[in-house]
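# Coordinate inspection notes
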Amino acid sequence: AQRVTQPEKLLSVFKGAPVELKCNYSYSGSPELFWYVQYSRQRLQLLLRHISRESIKGFTADLNKGETSFHLKKPFAQEEDSAMYYCALLTSGSRLTFGEGTQLTVNP
Amino acid sequence: EAGVAQSPRYKIIEKRQSVAFWCNPISGHATLYWYQQILGQGPKLLIQFQNNGVVDDSQLPKDRFSAERLKGVDSTLKIQPAKLEDSAVYLCASSSYAGTEAFFGQGTRLTVV
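Residues numbered from 1 in each chain as written. Chains lettered and ligands numbered in written order. Predicted model: local features only at pLDDT ≥ 70, side-chain atom pairs only at ≥ 80, totals over all residues. Heavy atoms only, no water.

## Quick word on the interface of chain A and chain B
- Facing the 18 residues of chain A at the interface are 23 residues of chain B.
- For the pair chain A and chain B, the summed buried surface comes to about 1600 Å²; carbon and sulfur atoms form 45% of the total.
- Summed over the shared surface of chain A and chain B, the number is one salt bridge.
- Counting the contacts that link chain A with chain B gives eight residue pairs in polar contact (both at pLDDT 80 or more).
- Breaking the side of chain A that touches chain B down by element, the ones donating at least two residues are β5 (32-38), β6 (45-49), β9 (83-90) and β10 (96-98) of chain A.
- Per-element accounting of the side of chain A that touches chain B gives the leading share, three residues, to β5 of chain A.
- Its residues assigned to classes, the side of chain A that touches chain B comprises eight nonpolar, four polar and six charged. (Contact = heavy atoms within 4.5 Å. Buried area = accessible area lost by both parts, 1.4 Å probe. Salt bridge = Lys/Arg side-chain N within 4 Å of Asp/Glu carboxyl O. Polar contact = N/O pair within 3.5 Å; in protein donor to acceptor, adjacent residues only side chain to side chain. Helix = DSSP H or I, 4+ residues; strand = E, 2+ residues; numbered from the N terminus. Nonpolar A, V, L, I, M, F, W, Y, C, P; charged D, E, K, R; others polar.)

Right, dumping it as structure tokens:
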């Protein structure tokens, strides 16, 4: 069965520091992975997807099939990055499965 | 473009009562999802529609939850009767077709007392 694990519920960094939000998945097929973000009082929205291999708001994520990971990284965190981040896995049955989420706080 | 609309935003009911949530997806989106998000947890898929057909309802508690998507557009999710553990935010999302970006509504926060 497909599963997404985000080991950190809470992550706190200082402004300007690097940040890495961890995501591991289990799925026997060919995965497609996403990062969704929810800013305070806003709806859940797509941040980036591995297939596009682009940087959004300075964030990047690389799919590592060997380690079954899709960690989200940003070299210099900003206060406006404070939000809830969810890793999500799309399987061949078109089911979109979310992890438990990581609350990122960027301190001034 | 207009986003996914959900109503009501908040609902408080007593256990054993019934409740219904409504979702209007983005125009033209064929895929519609209902998720349940319990406080402190990630969204859990309840049911997925492709047009007006059910693609996946394996995690829907069918003894008390039901959902329909009439004419492949709007959708309603019903709980009858509600239990205390149903307290959660119910999220509706839509995508142009399965596998593309899912757009989420604001959610309905249900409190069962």
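## Regarding the pairing of β9 of chain A
Residue and element names in this part refer to chain A.
- Among the eight residues in β9, eight count as buried, and that is most of the element.
- Residues of β9 alternate between two faces, with Ala83, Tyr85, Cys87 and Leu89 on one and Met84, Tyr86, Ala88 and Leu90 on the opposite face, all of them buried.
- Direction of pairing for β5 relative to β9: antiparallel, over a ladder of seven bridges. Looking across to β9, one finds that Leu33 is bridged to Leu89. (Buried < 20%, exposed > 50% of the residue type's maximum accessible area, 1.4 Å probe, protein only. Pairing = 2+ DSSP bridges.)

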